[in-house]
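# Overview (structure and organization)
Take a look at the letters that make up each chain.
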Amino acid sequence: FTINMKRLQDILYKVELSEVLGSTDLSVASICFDSRKVDNGSLFVAVKGTQVDGHEFINKAIEQGAVAILVEVLPLEINEYITYIKVKDSSLALGLVAANFYDNPSEKLKLVAVTGTNGKTTVVTLLHQLFLSMGKSVGLLSTIVNKIGDEEIISTHTTPDAIALNSLLSEMVAAGCEYCFMEASSHA
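Scope of this entry: the structure provided in the associated data block. (Residues numbered from 1 in each chain as written. Predicted model: local features only at pLDDT ≥ 70, side-chain atom pairs only at ≥ 80, totals over all residues. Heavy atoms only, no water.)

### Examining the environment of M182
As for its position among the elements, M182 is in strand β12 (residues 179–183). Linking M182 and L141, residues 41 residues apart in sequence, is a C-alpha distance of 4.4 Å. (Helix = DSSP H or I, 4+ residues; strand = E, 2+ residues; numbered from the N terminus.)

Structure, rendered in structure tokens:
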């Protein structure tokens, strides 16, 4: 098991920065928007959700080993050993840093997303089977199952979050997949 370390300055590529406190020349081991998943070397992204505001968990993330915090609003108390990155939209920034952290896997696949009220699972499953039968190396992301080649990975959401999605797409690229067929819920 190897940790995928990235430079903070590299994973901030294309992110519109409002303010930076601290150095971006540091290593990041993971990206998290759930403070319970923060570990040593994490970049914690404080996202304002419908139920909770990630900004309320900044101190917990730091206590658990976050080295950098991406925020929409800087906290009143600044820790001099932590890098703070202020952006206008942390949810949008999360998508960009997740893609950069995993070396932009969606650019290395032919990605087909299917949306709509009904039939998404059926359509992506049929496309996956069709392309497999044509001898293509394919991946599948659906509410029923995720597949990388022949390997099944349990699916927990119609559309995975930005970090999980880029991680899965990166695994598909590493496994030699040319195509990925995925369900995309309308809210995703």
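### A word on the nonpolar core
L8, I31, L43, L70 and I85 are the most contacted members of the largest nonpolar core, which totals 21 residues. For this core, the secondary-structure elements that each account for two or more residues are α1 (8–11), β5 (42–45), β6 (68–71), β7 (83–87) and α3 (90–101). Here this core gets five residues from one element, more than from any other, and that element is α3. Once you skip the residues sitting within four places of it in the chain, L8 turns out to touch S23, T24, L26, V28, L43, A68, T83 and I85. (Core = buried A, V, L, I, M, F, W, Y, C linked by side-chain atoms within 4.5 Å. Buried < 20%, exposed > 50% of the residue type's maximum accessible area, 1.4 Å probe, protein only. Contact = heavy atoms within 4.5 Å.)

### Some points on the sheet that holds β6
Here we have five strands laid out as an open sheet, ordered β2-β7-β6-β5-β4, and mixed in their pairing. Of all the strands in the sheet, just β2 (17–21) and β4 (30–32) have a single pairing partner and so form its edges. With direction set aside, neighbouring strand axes in the sheet form an average angle of 15 degrees. As paired strands, β5 and β6 are joined by three bridges and run parallel to one another. Bridged to L43 within β6 is A68. Where α3 meets the sheet, its contacts fall on β4, β5, β6 and β7, and the angle it forms with β4 comes to roughly 160 degrees. (Pairing = 2+ DSSP bridges. Axes fitted to C-alpha atoms, helices over the stretch in contact; angles between N-to-C directions.)

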